[in-house]
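Fold and geometry: a report
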Amino acid sequence: MLKNIPLKHVMVTDDFWGKKLDLYQNVTLIDSFEKFEKDRGGAINNFDRVANGEMNDHAGPPWYDGLIYEMIRGAADFLHHKYDPDLENRLDDYIDRISKAADQSGDGYINTWTQLMEPEHRFGFSGGFLRWQHDVYNIGALVEAAVHYWDATKKTKLLRVAINAANYTYDMIFEEGLKIVPSHSGPEEAFVKLYKLLKEHPGLKKDLQLDIDEYRYLQLVEHWIENRGNHANGPNWENGDDEECIEWIKNEEYGNNDRPSWGSYAQDHKPTLEQETIEGHAVRATLLFTGVVKAYRENNNPKYEKAVKRIWDNMVTKRMHINGGVGAIHQDEKFGEDYHLPNNAYLETCSAIGACFFHQLMLITFKDSKYADEVERVLYNNILNGVALNGEKYFYENPLEGKCVNRWEWHLCPCCPPMFFKILSELPSYIYSYDDNDLFVNQYIGSSADVLINNNWVKVSQVSEMPWNGNISITITPVSQTRFNLKLRVPGYVRGIENPGDLYTSIDTVSEDLDILLNGKKIDGSIVDGYFNINHFWTPGDKVQISFPLPVRTIKSHSLVDENKEKVAFMIGPILYCFESIDNQKLNEAILKPGFEPTFSGKMDGMDNATTISVNSNIGEITGIPFYLQNNRKDDQSIRVWMPMTEEANNEIPTRERPREISSSEENLSL
């Protein structure tokens, strides 16, 4: 298995990503914190109300604690990118208030919504409803924030709160016998991180002076994974009325010694390790299997390996859109059946981020570039589209066509910005990975990093022209001469592979112009699992140059994707293109001409200097822009990714749905 290079050892210098990370830290992160502070009475103020012993008047939905914790996690990781004492002071203030709230219960439990609104319903028992309350999800987000904040600052106040909450959760399950399984995944990966932190830094247990047995946290994770599908077989979420199901649970009809089912919506329809397809709420599903991979890295259970490979294959080869988005269906924000990939699909920003976490862990666990290809796809398209170029407006949904609802300044369920910060602040650690004798270059992002290979510190520096040009230069500087393998990802689209299961294929001829030079001399080698290997006795200043073409590619879908019959889409490298009505006045009428040939057409000034494309249609030449740049120049625009080649394939561009109010029985906006 590989490891990511820790954030503290990586610096992003990339012309494309460096500017974006600065924007997200300096503008977007602060914008979101300030909006959380004001939203419906202030999400942070919930902790003050608990600390003061107040009741009622919870600001926002029950999962707001978790969103604040996720914000802290993302902010902590950004401190590695660029240290900011004002940001650290802000976080310390929040942590002080969280700590005071945690002291109020006296036993480690903290979940402000339950404490303020339904204090007798901890973990949803005694007439409560966990699927709405999010007790376990919130505690998991707390644990993860604490681990990341300790890594950034070595401060332990939040870690103390998190360990007390984790111990209380363990006691409720293994001492009191409560059958608790998260209805919203996320705690699985978080508790593995807590286990690893305390295992690798045993001195922390002495410093904290708490009752800590880190193996309990891994035991909790395995319990949560292996006890899905183990419940009272009710209520009947799949065929029943939601309100009736909720009443069934609140009336405790599952019995005293059992628990209710959360249904396929929450991946509770059958045991996790027996699930054949990825089902239900797309965020919950992707985070669950991210947690399963994380646990597998610790327990090496072959059943875990088989499960995550099976589920990843199903998701990527049958249930993923071309922009890397997942979650085809608006109702319940969930996956559809195989090959059900409507172009007005939901494709929530959060679910794409969950998928990216899943891809990255699969990459460093199983060492195959197909996973890195999907990290790249989703980062540049569905995820990047989630925040506007000004850093202060957002998308919750990212469909491939629609009469656009404009980017929102804030949302009824603002779960996407915290998830966005979690993935983008962690991005630098995805660029490279390593083991004892191998250094993998997974993403072509300008950067420098220090890594220990063969007991020798090595600095790797990268200059990249991606995503607009395939020219990369990598300099290797070991402290002393040393031999190791440098493994360079050759993207699937360079090798003629758009998707490992042919869900998407290119109809263009693949160019063979891949050049790799070592100290100015072209070298030959084989590509194994998508990586070109250079075994070399490295000396300071050795330089590797990589060059591959990035033509406009014409992509078609698998024949079983009904929505895209006789339609094509266009990509350059990892960048997906869309056609926006600001450039194409009669977009709804556009049909590609027979023999069309997409070409480069220009650059977008002030918009990442992005490349545009042109293609011939019945309404004249139409212009395509990167999908992630939509709705940045003018409001109320329509977009289209999959362009029809025949009159029969053309269809009316649908209007995108607008956000609805949240109620306890309406889960379609619950993270």
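Preceding this paragraph is the structure being described.
Residues numbered from 1 in each chain as written. Predicted model: local features only at pLDDT ≥ 70, side-chain atom pairs only at ≥ 80, totals over all residues. Heavy atoms only, no water.

1. Here we look at the environment of A355
Formally: A run of H or I in DSSP counts as a helix once it spans at least four residues, and a run of E counts as a strand once it spans at least two, with each numbered from the N terminus. Should any heavy atoms of two residues lie within 4.5 Å, those residues are considered in contact.
For A355, the location among the structural elements is in helix α15 (residues 349–366). For the pair A355 and V378, spaced 23 residues apart in the sequence, the C-alpha separation amounts to 8.2 Å. Other than its neighbours up to four places away in sequence, A355 contacts T286, M315 and V326.

2. So, the layout of surface pockets
Using the following cut-off: With a 1 Å grid laid over protein atoms only, a set of points is called a cavity when a 1.4 Å probe fits there but cannot get out and a pocket when it is open yet has protein on both sides within 12 Å along at least five of seven lines; lining residues have an atom within 4 Å of a point. Grid points are joined across faces, edges and corners, and a volume is the space filled by probe spheres set on the points. Gly falls in the polar group here, along with every residue not listed as nonpolar (Ala, Val, Leu, Ile, Met, Phe, Trp, Tyr, Cys, Pro) or charged (Asp, Glu, Lys, Arg).
The calculated volume of the largest pocket comes to roughly 1200 Å³. If you trace the largest pocket, you find 38 residues lining it, with N4, P6, K196, E200 and K294 closest to the centre. Broken down by secondary-structure element, the contributors of at least two residues to the lining of the largest pocket are β1 (3–4), α3 (64–81), α7 (135–153), α9 (187–200), α13 (282–299), α15 and β6 (447–453). Of the residues forming the lining of the largest pocket, the biggest block, 6 residues, is contributed by α9. In terms of residue class, the lining of the largest pocket is built from 17 nonpolar, 6 polar and 15 charged. One number sums up the size of the second largest pocket: a volume of about 340 Å³. Put simply, the parts of the chain that give the lining of the second largest pocket at least two residues each are α1 (17–38) and β7 (456–464). In terms of residue class, the lining of the second largest pocket is built from 7 nonpolar, 5 polar and 6 charged.

3. Quick notes on the pairing of strand β21 (residues 620–626)
Threshold: Any two strands with at least two DSSP-identified bridges between them are counted as paired.
In this sheet, β21 lies alongside strand β18 (residues 575–580) in antiparallel orientation, the contact comprising 3 bridges. Residue C578 lies in a different strand from β21, and its bridge partner there is I625. When strand β20 (residues 610–617) meets β21, the two strands line up antiparallel, connected through 5 bridges. Each residue of the ladder has a partner; that of V615, found in β21, is I622. Connecting β20 to the next strand, β21, in antiparallel fashion are 2 residues.

Spatial relationships are all this shows, so hold off on functional conclusions.
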